[in-house]
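Architecture and fold: a report
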Amino acid sequence: AKEAKKAKEIRDKAAKEAKAAKDAEDKAKEAKKAKEIRDKAAKEAKAAKDAEDKAKKAAEKKEGDEEQKEEEEEKKEEEEKKEEEPEEEEEEEAEEPEEIEVEEEAPKVALDAEEKKVVFANFPVKDLAAVVYSASFTKFSCPDKEEGFDEIKYEWSKGDKAEAYMKKYILDRKLSMRVEELQPGLWSQKQLKSWTTAVNTWHAKVAEYKNMLMKKEQAKRAKEAKKA
């Protein structure tokens, strides 16, 4: 009875596989037929487009020939009219005084209120590369007489105001600029090492638990196979 049941299951499985193969073959035939229809439609559309382009070019050429013919006729008529004009008119035109062009004064440029507030111009091309700038802007400072300068002149803000502006400028850049030379400290390195060790331990325990479940499942299947 078991062998008959097993043989029936094999026949059913073979029948299903044969049906699946036939369905796949039918689908392949339909896909091939649909592709042929699409290819035929594409060829017809291309032929129609080529015919349309050819007719359009012929019409443009004909129109261009007509325009060229009209231009030649107009040019011929103008030349005939010029030959008929009396020479006296040409002499009068030559004696007319030339008009003197007066050069207009260039408009004066004036800054508006917002532009007057801008002290330092912002150019699209920077003096320093981004990497060099981020590594050195914290070392910017105003000149000092102790550095050996005989005289220091300020064009905009004077003395203390210039120093305050420089400090504010550096602080603002620290909030927005990327620090290229930043390195993690010893505490951060210890914390990272501890975290990495803990994560590896957790992964090992998960793998051990999965292996245990797999062994139990295999033992259960082996036991059921022996009973059968």
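For the structure, see preceding data.
Here is a short report on the structure shown in this document.

Rules behind the numbers
- Residues numbered from 1 in each chain as written.
- Predicted model: local features only at pLDDT ≥ 70, side-chain atom pairs only at ≥ 80, totals over all residues.
- Heavy atoms only, no water.
- Helix = DSSP H or I, 4+ residues; strand = E, 2+ residues; numbered from the N terminus.
- Buried < 20%, exposed > 50% of the residue type's maximum accessible area, 1.4 Å probe, protein only.
- Contact = heavy atoms within 4.5 Å.
- Areas by Shrake-Rupley, 256 points an atom, 1.4 Å probe, with all protein chains shown as cover.
- Salt bridge = Lys/Arg side-chain N within 4 Å of Asp/Glu carboxyl O.
- 1 Å grid on protein atoms, 1.4 Å probe; cavity = no way out; pocket = protein on both sides within 12 Å on 5 of 7 lines; lining within 4 Å.
- Points joined across faces, edges and corners; volume = space filled by probe spheres on them.
- Nonpolar A, V, L, I, M, F, W, Y, C, P; charged D, E, K, R; others polar.
- Core = buried A, V, L, I, M, F, W, Y, C linked by side-chain atoms within 4.5 Å.
- Phe/Tyr/Trp six-rings, centres within 6.5 Å; stacked < 30°, edge-to-face > 60°.

**A short note on the overall build of the protein**
Scanning the protein from N- to C-terminus turns up six helices and zero strands. Counting from the amino terminus, the protein carries its helices and strands in the arrangement α-α-α-α-α-α. Out of the 228 residues in the protein, the part that is buried amounts to 4%. Sequence separation of at least 24 residues holds for 67% of the intrachain contacts in the protein that already meet a minimum separation of 6. Split by element, the accessible area of the protein, about 23200 Å² in all, is 54% carbon and sulfur.

**Re the pattern of salt bridges**
Taken as a whole and assessed by the stated rule, the structure comprises eight salt bridges. Ionic pairing is found between D26 and K22, a salt bridge with its closest N-O pair at 3.4 Å. You can see D26 and its partner K22 sitting in helix α1 (residues 2–84), four residues apart, about one turn around the helix. Note on D26: relative accessible area 29%, which makes it partly exposed. D50 serves as the salt-bridge partner of K46, at 3.4 Å between the closest nitrogen and oxygen. A residue pair is termed a helical-turn pair when its members lie 3 or 4 positions apart in one helix, as K46 and D50 do in helix α1 at four residues.

**Remarks on the environment of Y154**
Among the structural elements, Y154 can be located in the loop between α4 (130–136) and α5 (159–176). If we skip the residues at most four places from it in the chain, Y154 touches P143, G159 and A162.

**Things to note about the layout of surface pockets**
Its volume calculated, the largest pocket comes out at about 1100 Å³. Forming the boundary of the largest pocket are 28 residues, of which F120, Y133, Y165, Y169 and R173 lie nearest the centre. The set of elements that each furnish at least two residues to the lining of the largest pocket consists of α4 and α5. Top element by residues in the lining of the largest pocket is α5. It accounts for seven residues. Considering only residue class, the lining of the largest pocket consists of 19 nonpolar, two polar and seven charged.

**Remarks on the nonpolar core**
Counting residues in hydrophobic clusters, the biggest one holds six residues: Y133, F137, C142, A162, M166 and I170. Tallying contributions element by element places α5 first for this core, with three residues. Those residues within four positions of Y133 in sequence are excluded, and the remaining contacts are L128, F140, Y169, R173 and M177.

**As for the packing of aromatic side chains**
In total, this model carries three aromatic pairs according to the counting rule given. Pairing Y133 with F137 gives two aromatic rings, centres 5.8 Å apart and planes at 20 degrees, and the pair type is stacked. Each member of the pair, Y133 as well as F137, is classed as buried. When the centroid spacing of 5.7 Å and the interplanar angle of 85 degrees are considered together, the rings of W195 and W202 count as edge-to-face. Here W195 falls in the exposed class, since its relative accessible area comes to 51%. Relative accessible area serves as the criterion here: at 47%, W202 is assigned to the partly exposed category. Following the ring pairs from residue to residue traces out a cluster consisting of Y133, F137 and F140.

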